[in-house]
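Residues per chain, in single letters:
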Amino acid sequence: MASIFSKIIAGEIPSYKVAEDEHFYAFLDISPMAKGHTLVVPKTEVDYIFDLPDNTLAAMHVFAKRVAEGIKKSNSVPACRCNGNWDGSAARTHSPDSHSKGRGYVAKQSSSATNG
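Scoring rules and cut-offs
- Residues numbered from 1 in each chain as written.
- Predicted model: local features only at pLDDT ≥ 70, side-chain atom pairs only at ≥ 80, totals over all residues.
- Heavy atoms only, no water.
- Phe/Tyr/Trp six-rings, centres within 6.5 Å; stacked < 30°, edge-to-face > 60°.
- Helix = DSSP H or I, 4+ residues; strand = E, 2+ residues; numbered from the N terminus.
- Buried < 20%, exposed > 50% of the residue type's maximum accessible area, 1.4 Å probe, protein only.
- Patch = residues over 30% accessible without salt bridge, like charges linked within 9 Å, V, L, I, M, F, W, Y side chains within 5 Å.
- Areas by Shrake-Rupley, 256 points an atom, 1.4 Å probe, with all protein chains shown as cover.
- Salt bridge = Lys/Arg side-chain N within 4 Å of Asp/Glu carboxyl O.

(A) Inspection of the packing of aromatic side chains at higher detail. Within the structure shown, the criterion is met by 4 aromatic pairs. Where Phe24 meets Phe63, the ring centres are 5.5 Å apart and the plane angle is 35°; that geometry is what we call tilted. Residue Phe24 is found in strand E2 (residues 24-28), and its partner Phe63 is found in helix H2 (residues 54-75); the two are separated by 39 residues along the sequence. Comparing Phe24 with Phe63 shows no difference in burial state: the two are buried. Consider the rings of Tyr48 and Phe50, whose centres lie 5.5 Å apart with planes at 75°: the pair is edge-to-face. The exposure class assigned to Phe50 is partly exposed, which follows from its relative accessible area of 44%. Put simply, the rings of Phe5, Tyr25 and Phe27 touch in pairs and so form one group of aromatic residues.

Right under this line is the structure:
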């Protein structure tokens, strides 16, 4: 069964797309914690983020960096923070046992340059 993220990527569930390439999709969080709160997810569906091939996981870091830099410029904020959901939960609002496990990063505005 397709995860909620796969349905968003396919356009079956509406989203506000921030960036996209052939491997990743970034969109605004439906319940933002800060202005510009954006989720970055791989288009490859996996149950656990570390099930992604190493090169895909590394490329997602680079994609998330570009998204964060864009958010920082467009919102005139001093810094962005990127958080990965490594425990198998995804998008901060979904429980670890949901159908949307382990799918990506959250890039959001931060008042400091600390990465979390």
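Still to come is the rest of the account.
(B) Layout of the environment of Phe5. Following the sequence through the fold, Phe5 ends up in helix H1 (residues 4-9). The sequence separation of Phe5 and Leu39 amounts to 34 residues, and the corresponding C-alpha distance is 9.9 Å.

(C) Representation of a nonpolar patch on the surface. Judged by side-chain polarity, Tyr16, Val18 and Leu28 come together as a nonpolar surface patch covering roughly 280 Å² of accessible area. Relative to the elements of secondary structure, Val18 occurs in strand E1 (residues 17-20).

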